[in-house]
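Overview (structure and organization)
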Amino acid sequence: MRPFTYERVTDARAAVAAASRPGAKFISGGTNLLDLMKLEIERPAHLVDISRLPLGTIEELPDGGVRIGAQTANSDVAADARVRTAYPVLSEALVAGAPGQLRNMASVGGNLLQRTRCPYFYYTDSGCNKRDPGSGCDAIGGFNRTHAILGASDACIATHPSDMAVAMTALEARIELLDADGSVRTVAIGDFYRLPGDTPHIETVLRPGEMITGVVLPPPPPGGQLYRKIRDRASYEFALVSVAVVVSTDAGTGADRGTATDGDTVADARVAFGGVAHKPWRSLAAEDSLRERPATMATYRAAAEAAMRDAVGQGGNDFKIELARRTLCRTLDEAARASRAG
Ligand code: SF4
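Note that residues are indexed from 1 along each chain, following the sequence as it is written. Only residues with pLDDT of at least 70 are given local features in this predicted model, and only at 80 or more are side-chain atom pairs given and counted; all residues enter the totals for whole chains, interfaces and linings. Excluding hydrogens and water, the side-chain figures rest on all heavy atoms present in the structure.

Re the packing of aromatic side chains
Aromatic rings from Phe, Tyr and Trp, taking only the six-membered ring of Trp, are treated as a pair when their centres fall within 6.5 Å; an angle between ring planes under 30 degrees marks them as stacked, one over 60 as edge-to-face, and anything in between as tilted. Counted according to the given criterion, the structure contains two aromatic pairs. For the pair Phe 192 and Tyr 193, a centre-to-centre distance of 5.1 Å together with 80° between the ring planes defines the contact as edge-to-face. The class for Phe 192 is buried, based on a relative accessible area of 0%. Using a 1.4 Å probe on the protein chains alone, a residue whose accessible area is under 20% of its type maximum counts as buried, one over 50% counts as exposed, and one in between counts as partly exposed.

The following block contains the structure:
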């Protein structure tokens, strides 16, 4: 690890001021950054420790939404009674995202900004445009079982690793940012992450020195919410495919209530995938194909086809396309049943 200087700040404006130093970087839980520093993939000259900022609370908002401070531990968000009741998809995603030790250390802001787990990104002898722009992408034509099937480019086929961000995408979260000049802005999570294009090393729309201060969840959408994560093992593993859905249904007359959704209609739906793209992947095509359609497996299958219409495999990850379709169908069916039960 290369030498660096360190300071701990207790005030948000002092934090962004400190981050204006050349080579400065924020650190909170350090669950990803420290590994990257040991490998010298990240080489900050100065660390600004923001873990003690007073940004660790969850507040109810007058409109019925919730604001989660950026320094709130993932475990605290997952366990919060308001989150579990009104935003269960978020709680489920956090629990699926990491074991307890990591959830206790990891902050919400850090979770949003964690880097890809593409193995070539961490193997510093390989070509990787994200780590070393212009050095190529050894995942293309290499071991790419875990890589993207949507939104990839010739420069990078990595996926975003966060589960939490996928649920937040389905919940249409907004991210609060504090700039180095003291100005504040909020960005919809759907606009926060970038696709790789020719610049995969630039992953978000964050400006230099800008800091995440919180995440605002709009009032909970009606219907059932569900997060499903498919991975190679049950713990300490990232998603091959994950799905966050919110589904509301209108009950059909004469339906056999309580045992099936026969006769019900999908009133509204939100669909976001993880493990398939460089960013949490909202599928508006799937949502459009669900609205006002019968809540049946045939409808879910059509939505899955729509969601994966532009999917492209890289050889080792071709299986993900069908896995994503099947995961979406199952998750929609379960969420629709939860919607009717609610
Ligand atoms: Fe690097 Fe992206 Fe290629 Fe992985 S997929 S080797 S992160 S450029």
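From this point, the discussion proceeds with the structure in view.
As for the nonpolar core
Most often, soluble globular proteins keep nonpolar side chains buried together rather than apart. To define a nonpolar core, start from buried Ala, Val, Leu, Ile, Met, Phe, Trp, Tyr and Cys residues and group those joined through side-chain atoms within 4.5 Å. By size, the foremost hydrophobic cluster in this structure holds 36 residues, and its most contacted members are Ile 68, Val 77, Leu 90, Leu 112, Met 168, Ile 189 and Leu 217. Numbering of helices and strands runs from the N terminus, with a helix taken as a DSSP run of H or I at least four residues long and a strand as a DSSP run of E at least two residues long. For this core, the leading source of residues is helix 9 (residues 164–170), giving six residues. Ignoring any residue separated from it by four or fewer positions in sequence, one finds Leu 217 in contact with Gly 65, Val 66, Ile 68, Tyr 87, Leu 90, Leu 171 and Ala 173. Within the second largest apolar cluster, 30 residues are counted, among which are Val 266, Val 271, Trp 281 and Cys 329. Only heavy atoms enter the contact rule, under which two residues are in contact if any of them lie within 4.5 Å.

Points about the domain arrangement of the protein
The source of the domain bounds is an automatic or database domain assignment. What the domain assignment reports for the protein is domain 1 (5–51) and domain 2 (224–341). Between the C-alpha centres of domain 1 and domain 2 there is a distance of 38 Å.

Quick word on the pairing of strand 6 (residues 174–178)
Buried residues dominate strand 6, accounting for four of its five residues. Between any two strands, pairing holds if DSSP finds at least two bridges. Bridging between strand 6 and strand 7 (residues 184–188) involves five bridges; their strand directions are antiparallel. Directly across from Leu 178, in strand 7, lies its bridge partner Val 184. Remark: five residues form the turn of the hairpin made by strand 6 and strand 7, two consecutive strands paired antiparallel; Gly 182 in that turn has positive phi of roughly 90°. Two strands pair when backbone bridges link them, and strand 6 and strand 8 (residues 211–217) are joined in this way by five bridges, in the antiparallel orientation.

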